[in-house]
Amino acid sequence: MRKSPPAPAEPEAQALPAEEEAAAPRRFARTRLIIVAALMALSLAAGAVVGYSAIGDGAWLDVFRPSTWQHILDFVEKGT
């Protein structure tokens, strides 16, 4: 019986320098953080629009006016 030749050794993976190796996960985490923050801001804005216009019967663009938020804060502070 003839034996098959030994399998060649796997080529060694080229190691990244320590700086690049540490930067890759950090870059991914930073990108993920930015995406999550943007989605949270979008959700907050959408919720405010739905709450103010659909539930509260106000104009949907009024939710982005500072006077609207000042009125809400005055109402909340007066209640305490």
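For the structure given in this document, a descriptive report is provided here. (Residues numbered from 1 in each chain as written. Predicted model: local features only at pLDDT ≥ 70, side-chain atom pairs only at ≥ 80, totals over all residues. Heavy atoms only, no water.)

1. Regarding the overall build of the protein
Right, on to step 1. Regarding its fold elements, the protein presents two helices and zero strands.
Right, on to step 2. Split into buried and exposed, the 80 residues of the protein put 4% on the buried side.
Right, on to step 3. Of the roughly 7,700 Å² of accessible surface on the protein, a fraction of 66% belongs to carbon and sulfur atoms. (Helix = DSSP H or I, 4+ residues; strand = E, 2+ residues; numbered from the N terminus. Buried < 20%, exposed > 50% of the residue type's maximum accessible area, 1.4 Å probe, protein only. Areas by Shrake-Rupley, 256 points an atom, 1.4 Å probe, with all protein chains shown as cover.)

2. Some words on the pattern of salt bridges
Right, on to step 1. Applying the stated criterion across every chain yields a total of one salt bridge.
Right, on to step 2. Between R65 and D62 there is a salt bridge, with its nearest N and O atoms 3.2 Å apart.
Right, on to step 3. For R65, a relative accessible area of 47% translates into the label partly exposed. (Salt bridge = Lys/Arg side-chain N within 4 Å of Asp/Glu carboxyl O.)

3. A short note on the side chain of T68
Right, on to step 1. Mapped onto the secondary structure, T68 falls in helix α2 (residues 66-79).
Right, on to step 2. By relative accessible area, T68 is classed as buried at 10%.

4. Some remarks on α2
Right, on to step 1. In this model α2 runs 20 Å from its N-terminal to its C-terminal C-alpha over 14 residues, within 8% of the 20 Å that 1.5 Å per residue would give.
Right, on to step 2. Judged by how many residues are buried, α2 sits mostly at the surface: one of 14 residues are covered. (Expected span 1.5 Å × (residues − 1).)

5. Quick look at unusual backbone geometry
Right, on to step 1. Backbone geometry places D57, a non-glycine residue, at a positive phi of 60°.
Right, on to step 2. Looking at the element boundaries, D57 is found in the loop between α1 (18-55) and α2.

6. Description of a nonpolar patch on the surface
Right, on to step 1. A surface patch of nonpolar side chains, amounting to about 420 Å² of accessible area, comprises W69, I72, F75 and V76.
Right, on to step 2. Turning to its location among the elements, F75 is positioned in helix α2.
Right, on to step 3. When its relative accessible area of 64% is taken as the criterion, F75 is described as exposed. (Patch = residues over 30% accessible without salt bridge, like charges linked within 9 Å, V, L, I, M, F, W, Y side chains within 5 Å.)

On their own, these measurements won't tell you what the molecule is for.
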